[in-house]
Amino acid sequence: MIPFLMAVLPAVSVAQSQSGAASGVPSVAIPKTTEVLVIETARQGVTADQIMAVIPSEIRATVKLYLEGKIRQWYSRGDGKGVVFLVEAKTEDEARAIMETLPLAKEHLMDHQYIPVGPLMPLRALMGPGAQQ
């Protein structure tokens, strides 16, 4: 059963996200935002030297946000083109305000993509008929 769910849930989740706004899916099917995924990449024309000059203060500021509970996790991108943060925020604007405190953002060296995320709503189907509310 678990392998089946692992195979089916990503497809259901994609279908849900693509049809939600257009088909009038009830708001129950749209997850409450619990975090915001932030993908950070260097802006066009920014050199590695420019970034490395700011990195010591960027690391200190990022650790501070982590210790304050504002950044839950952060990773280097596997392609070496930036970093990915999971930010404790209920809205994209809240996450943006947090990220704008970091030195690389203050120096306008990075582009940011914000993706609100929340619980995988198709899992409600596993809870039974009464759990659909």
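Everything discussed here concerns the structure shown above.
Quick caveat, the model's predicted, so the values are computed rather than measured.

Q: Would you take a moment to explain helix H3 (residues 92–99) for this structure?
A: Along an α-helix, residues three or four apart share an orientation, since each turn contains 3.6 residues. Among the residues of H3, Ala 95, Ile 98 and Met 99 are the ones counted as buried. Along the axis of H3, the buried positions cluster into a sector of 95°, meaning they face one direction only. Where H3 is buried, its residues contact strand S1 (35–42), helix H2 (48–67), strand S3 (82–87), helix H4 (103–106) and strand S4 (110–117).

Q: Would you mind showing me how to read the packing of aromatic side chains here?
A: Aromatic ring pairs are defined here through the distance separating the ring centres and the angle between the ring planes. Evaluation of the coordinates by the stated rule reveals one aromatic pair. Seen in terms of ring centroids, Tyr 66 and Trp 74 are 5.3 Å apart; in terms of plane orientation they differ by 70°. Their pairing is edge-to-face.

Q: How should I be thinking about the nonpolar core in this particular structure?
A: One recurring pattern in soluble globular proteins: nonpolar side chains tend to sit buried together. In this structure, Val 38, Phe 85, Val 87 and Met 99 are the most contacted members of the largest nonpolar core, which totals 13 residues. Residue assignment for this core shows that the elements contributing at least two residues are S1, H2, S3 and H3. For this core, the element with the highest residue contribution is H3, accounting for three residues. Residues within four places of Val 38 in sequence aside, it is in contact with Val 83, Val 84, Phe 85, Val 87, Met 99, His 112, Gln 113 and Tyr 114.

Q: Can you help me understand the pairing of S1 in this one?
A: Side chains on a regular strand alternate between the two faces of the sheet. Across eight bridges, S1 lies against S4 in antiparallel orientation. Note on S4: the bridge partner recorded for Val 38 is Tyr 114. Strand direction decides the pairing type here: S1 and S3, joined by six bridges, are antiparallel. Across the sheet, residue Ile 39 finds its bridge partner in S3, namely Val 84.

Thresholds applied
Residues numbered from 1 in each chain as written. Predicted model: local features only at pLDDT ≥ 70, side-chain atom pairs only at ≥ 80, totals over all residues. Heavy atoms only, no water. Buried < 20%, exposed > 50% of the residue type's maximum accessible area, 1.4 Å probe, protein only. Helix = DSSP H or I, 4+ residues; strand = E, 2+ residues; numbered from the N terminus. Arc of directions from axis to C-beta. Contact = heavy atoms within 4.5 Å. Phe/Tyr/Trp six-rings, centres within 6.5 Å; stacked < 30°, edge-to-face > 60°. Core = buried A, V, L, I, M, F, W, Y, C linked by side-chain atoms within 4.5 Å. Pairing = 2+ DSSP bridges.

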